[in-house]
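The residues making up each chain are set out below.
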Amino acid sequence: MKILILNPPHQAIGSRMPGEMLPPLGLLAIGGPLIDDGHEVSLLDADVDNLALEAIVRAAAAHEPDAVLIGHNGSTSAHPTVVRLFKLLRRVLPDAWFVYGGVFPTYHWRECLEEMPQVDVIVRGEGEETTRLLMRAIPEHTPFETIAGLAFRRAGSAHATPPAPMIRNLDDYRVGWELIDHSRYSYYGGKRGVVVQFSRGCPHLCSYCGQRGYWTRWRHRDPKAFAAELGRLYRDHGVTMISFADENPTTSKKIWRELLKEIIAQNCKFTMIATLRASDIVRDADILHLYRKAGFERFLIGMEHSDPETLVKVRKGSVIKDDREAIRLLRRHGILSLCTAVFGFNEEKDRDYWRIFRQLLVYDPDQIITLFVTPHRWTPFFNQEKDRKVIQMDQRWWDYKHQVLANRYVPAWRSFVWVKLIEVAIQTRPKALFRTYLHPDTASRHGMRWYARIGRKVWLHEIWEFLTVVRFTRSGPKLADFWGTPQTGGEEALSARKDIAREGGTAQTLIENRPAA
Ligand code: B12
Ligand code: SF4
């Protein structure tokens, strides 16, 4: 099969503001196994070039693929673009198979199939094996019914097969790095970069998390093989910047330490960034020197600063003492801390913004990123908030950077003003300015300056956007009426049954092992 994998353009700040971009790992992850199966696979990355839809359609038509596979990292907020794109593509590629995958279509498969008659099949959950089986099934005319993890139309109605079995050995699949020209991708201020994934999933239970259930269980790659892959990327492609996609790579201290040692043994000069939990940093106080030695220069730490009641509600399980200690320990080891400050909880009052600001001052993180809580239909948080009013009807803004639900006490404009003031006040503290411009450590100074440069652009852009583009509604529906009934029951996107092995992975294996419907 001639397969075109397409990364659509996205207008979120994560795509447009840094002025540089990382490769789309999810699409490369499905590309690798397809190449190994003998298909002719190409990637059209319209996000890195911010291509207009017409240009994408022309390029896709010229390619004459048998199948077009689309998915985007910023899945929910990219969906409206995907809808337009599939419509336009169908006009020029009437006979091609159109496949959609990623987080949003995994859970909203029914609505996607109803809304987009152009789409033939949706791949739900992890894509490596399911897409491979699908692409084998098309020329062999194997019924889709026999492949777990798909959604398609049966007798005119949307229909899904049972969840695909979770991949137990992540090393069975390889990333199709040959699909990209590494020189087109950079991050963190011009460093040739990639996104990689050592582990999938997370054992914690934060109620608003849209990712934990997607991967179902925590699993990891072989530390030695993974580090060797990083080494090859460094030596063969000049990659020096590594961004970890993992939800929670430090879940096991033993395995994490093993990985750090293997990366150090590769003897590469990496700049690495990842997202970690504060409690794991505190747990690892005795091995933090290995973190920096391996190349870690910055960690994003998820922190909620809400009132105790909200903290219990979101089940984050974080402890203020750990959060502070984690920042202190990282600083001692020359690693920057980028801390999240999440807003938009229903009970927030003006005094809470003030309290959060003061708490941030005490935490003294190097950098902060402000987010608005965004309830996805498959999370327990959605269920908790289902009666709240939606104030943002445009799905493109459901990207964690825009307020989407009404607060009981604070109108959206005031919440926005608070957030912008907190950002500027924290980032322009004398301490922060000193670290940005005079930090004695070159790597930290580089990281601070890079983020400050983007932060300034984002800050101004978001104010302009708020005043001219973003529109709120006062008469929005309740959350559950906007997205549909809660889906918490199906939060785990994959079947984790122990008796379903992916090895061999034929359609027949899947039928034989199919979980009862
Ligand atoms: C690294 C990362 C980034 C990086 C790099 C992006 C890049 N070029 O890859 C940066 C910082 C730039 C970024 C930006 C944004 N991100 Co981001 N990002 C991630 C992160 C941590 C890892 C993504 C990843 O590579 N995962 C690993 C791969 C293997 O998984 P995957 O992409 O899901 O793909 C698998 C399956 O989903 C499936 N699949 C995926 N696509 C397709 C397509 C087809 C056709 C098929 C068949 C299968 C398939 O198969 C793959 C292999 O199993 C995720 C969280 C996470 N752990 O996934 C958030 C995440 C994807 N980001 C998210 C968001 C919101 C954004 C932004 C919109 C934020 C913003 N407002 O700017 C932007 C979007 C811009 C962009 N270009 O992506 C959300 C999306 C939530 C949602 N439901 O929509 C996530 C899930 C984080 C979260 N908090 O929930 N991001
Ligand atoms: S720790 Fe992070 S990845 Fe894990 S459940 Fe909480 S928010 Fe999700």
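From a predicted model like this one, the values you see are computed outputs, not experimental measurements.

### Some thoughts on the sheet that holds strand E7 (residues 157-160)
Then comes step 1: In space, the 7 strands of this open sheet follow the order E2-E1-E3-E4-E5-E6-E7, with mixed pairing throughout. Of all strands in the sheet, those with a lone pairing partner are strand E2 (40-45) and E7, marking the two edges. Taking the axes of each pair of neighbouring strands and ignoring which way they run, one obtains an average angle of 25° across the sheet.
Then comes step 2: Sheet topology places strand E5 (residues 121-123) next to strand E6 (residues 150-154); 3 bridges connect them, and they run antiparallel. Counted as the bridge partner of Val121 is Phe152 from E6.

### Thoughts on the packing of aromatic side chains
Then comes step 1: Applying the stated rule across the entire model yields 29 aromatic pairs.
Then comes step 2: Judged by centre distance (5.4 Å) and plane angle (75°), the ring pair of Tyr234 and Phe270 falls under edge-to-face. A residue pair is termed long-range when its members are at least 10 positions apart, and Tyr234 in helix H9 (residues 223-237) and Phe270 in the loop between helix H10 (253-265) and strand E13 (271-276) qualify at 36 residues.
Then comes step 3: For Phe270, a relative accessible area of 6% corresponds to the buried category.
Then comes step 4: Look at Phe244 and Phe296: their rings are 5.4 Å apart centre to centre, the planes differ by 50°, and that puts the pair in the tilted class. With Phe244 in strand E12 (residues 241-244) and Phe296 in strand E14 (residues 296-301), this pair connects stretches of sequence that are 52 residues apart. Across the pair, exposure class does not vary: Phe244 and Phe296 are buried alike.
Then comes step 5: Three or more aromatic residues joined by ring pairs make a cluster, and in this case those are Phe198, Phe226, Phe244, Trp256, Tyr291, Phe296 and Phe299.
Then comes step 6: Above the plane of the ring of Phe98 lies Arg90, whose end atom (NZ or CZ) is 3.8 Å from the centre.

### Some words on the pattern of salt bridges
Then comes step 1: Overall, the coordinates contain 37 salt bridges when judged by the stated rule.
Then comes step 2: A salt bridge links Arg283 to Asp284; its shortest N-O distance comes to 2.8 Å.
Then comes step 3: Note that Arg435 is salt-bridged to Asp364, the shortest N-O span being 2.8 Å. Within this pair, whereas Arg435 is found in helix H18 (residues 430-438), its partner Asp364 is found in the loop between helix H15 (350-363) and strand E16 (367-372), the two being separated by 71 residues in sequence.
Then comes step 4: Linked through salt bridges whose partners overlap, the residues forming this network are Arg331, Asp364, Asp366, Arg429, Lys431 and Arg435.

About the thresholds
- Residues numbered from 1 in each chain as written.
- Chains lettered and ligands numbered in written order.
- Predicted model: local features only at pLDDT ≥ 70, side-chain atom pairs only at ≥ 80, totals over all residues.
- Heavy atoms only, no water.
- Pairing = 2+ DSSP bridges.
- Helix = DSSP H or I, 4+ residues; strand = E, 2+ residues; numbered from the N terminus.
- Axes fitted to C-alpha atoms, helices over the stretch in contact; angles between N-to-C directions.
- Phe/Tyr/Trp six-rings, centres within 6.5 Å; stacked < 30°, edge-to-face > 60°.
- Buried < 20%, exposed > 50% of the residue type's maximum accessible area, 1.4 Å probe, protein only.
- Lys NZ or Arg CZ within 6 Å of the ring centre and 35° of its normal.
- Salt bridge = Lys/Arg side-chain N within 4 Å of Asp/Glu carboxyl O.

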